[in-house]
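Observations on the model geometry
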Amino acid sequence: MSVRYAILGLLAQRPRHGYELRAAFEAVVGGEETWSVKPAQVYATLERLTEAGWIVEDCERQEHQPEKRVYHIAAEGRKALEEWFQTPVTLEHQRDEFFVKLMIALVSGVGDPRKVIQTQRVFIYRQMHAATTLRDSYDPKNALAQILLLDKTLMHLEADLRWLDITEARLEEVKRQPLPEPEIRPRGRPRKREH
Amino acid sequence: MALIEAKNLTKIYGKGETAVTALNGVNLAVSTGEFVAVMGPSGCGKSTLLHLLGGLDRPTQGEVLVEGQAISGLNDDALTRLRRRKMGFVFQFFNLIPVLNAIENVALPLVLDGQPAREVRPKAVAWLQKVGLSDRLENRPDQLSGGQQQRVAVARALVAEPALILADEPTGNLDTRASDEIAALLRQVANEWGRAVVMVTHDPRIAAYADRIIFLKDGVIVDETRLSDGAGHSVLTVKEKAEAL
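1. Let's talk about the overall build of chain A
In terms of helices and strands, chain A carries eight helices and three strands. Walking chain A from its N terminus toward its C terminus, one meets helices and strands in the order α-β-α-α-β-β-α-α-α-α-α. Taken over the C-alpha trace, chain A has a radius of gyration of 25 Å; the compact-globule value for 195 residues is 16 Å, which it surpasses by more than 25%. Its C-alpha atoms give chain A principal-axis dimensions of about 75 × 65 × 30 Å.

Set out below in structure tokens:
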């Protein structure tokens, strides 16, 4: 979803070639390690955007070389982009893999929940160290965008650590409470309600 | 050999029924160039540990070794000398002298050690430049921001060329940005300038700068984790790092 609109926005900035768009996208999102896109995905997106009439394709003649295709944004595309900016982004917090692991550790009796928490805590600290190191390697005078992105990562990791502390402190309480169980529904076809 | 080592370090305050065990059999070794963070809830014994390592307090049991030498055998004078020459301290509230400017504050430990004033000044200036305060040399503490004051304190801790820096909540009184700068500076002190740094903090974000974290709880080390190889390189695999960021 975002790749499509990012491409659209990059074309609003100026007309570009396909190969150039991929590099531009990866630069914006913080490098190909963070979010890499395959060339095929870029070209498929460009094709869809062209079909939708959001962008137009232009051929650039070159001497002694095959002609290059340049993409421009169309009026419809500009409108779509404006709509995108008016829509908030849904962030995923509720669906949490670690939470599931911890709950299963509590009910299965196989893993030690405290160890599960500590393993995660150590991993988060290591991630924070890596993010901090990378952040310090950037110069705020010319790489502020990368620094801000890493700040966001660090703030989220910090929040995760805080949550681990709180959860660990209340682990005994959680254990004493029945964990969520599904409601048991009768099997088979539901009976017709009698009036 | 470890630069500083704690062996079975125990500290009990009070006697009999009112006795409180602040530290219980802690073992720890820190090498040159290593940045170690000590973390834990308040009252876990982390400040006690730092005070014992720095010879500011004496253990009930166990031993602190600096470069292999037990410091418990030293009398108060010898201990003071050892602290002045081998250790630098950084505190939460900077502890600068208000009437002295940055150069004079940094030079103070050398002056107290009896070094002549004309030799002391260039050393103080050099350290202030290294911590990024070339343009604040003549400013008094009240003319400096919190972050800048803490930089002066770091320069002061380093001026006697100690092998060990002990920092007690060095970012506890700073905003986020200044905290990050001081933590990055302490990392540089260890990894680039080859000092051993032991820092007590309750702030996870600041602890994440360290090469190693020691988790203390109720006076006992409950866990220990390595974050970097000691040269500031993350211990995460490339794949883990990519997924994390």
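Once the structure has been displayed, the description carries forward.
2. Quick word on the side chain of Glu26(A)
Take Glu26(A): it is sitting in helix 2 (residues 18-28). Not counting residues up to four positions away in its chain, the partners in contact with Glu26(A) are Gly31(A), Glu32(A), Trp35(A), Ser36(A) and Val37(A).

3. Section: helix 6 (residues 176-191) of chain B
Under the 1.5 Å per step criterion, the end-to-end length of helix 6 of chain B is 22 Å for 16 residues, consistent within 8% with the ideal 22 Å. What helix 6 of chain B keeps buried is the set Ala178(B), Ser179(B), Asp180(B), Ile182(B), Ala183(B), Leu185(B), Leu186(B), Arg187(B), Val189(B) and Ala190(B). Elements in contact with the buried residues of helix 6 of chain B: helix 6 (113-137) of chain A together with strand 3 (35-39), helix 5 (146-158), strand 7 (164-168), strand 8 (196-200) and helix 7 (204-207) of chain B.

4. Details of unusual backbone geometry
All names here are of chain B. A positive phi angle, close to 45 degrees, is found at Asn8, a residue other than glycine. Looking at where Asn8 falls in the secondary structure, it is placed in strand 1 (residues 4-13). Positioned with a positive phi, Glu169 is a non-glycine residue whose angle comes to about 45 degrees. Along the chain, the position of Glu169 falls in the loop between strand 7 and helix 6.

What counts, and where the lines are drawn
Residues numbered from 1 in each chain as written. Chains lettered and ligands numbered in written order. Predicted model: local features only at pLDDT ≥ 70, side-chain atom pairs only at ≥ 80, totals over all residues. Heavy atoms only, no water. Helix = DSSP H or I, 4+ residues; strand = E, 2+ residues; numbered from the N terminus. Rg over C-alpha atoms; globule rule 2.2 N^0.38 Å. Contact = heavy atoms within 4.5 Å. Expected span 1.5 Å × (residues − 1). Buried < 20%, exposed > 50% of the residue type's maximum accessible area, 1.4 Å probe, protein only.

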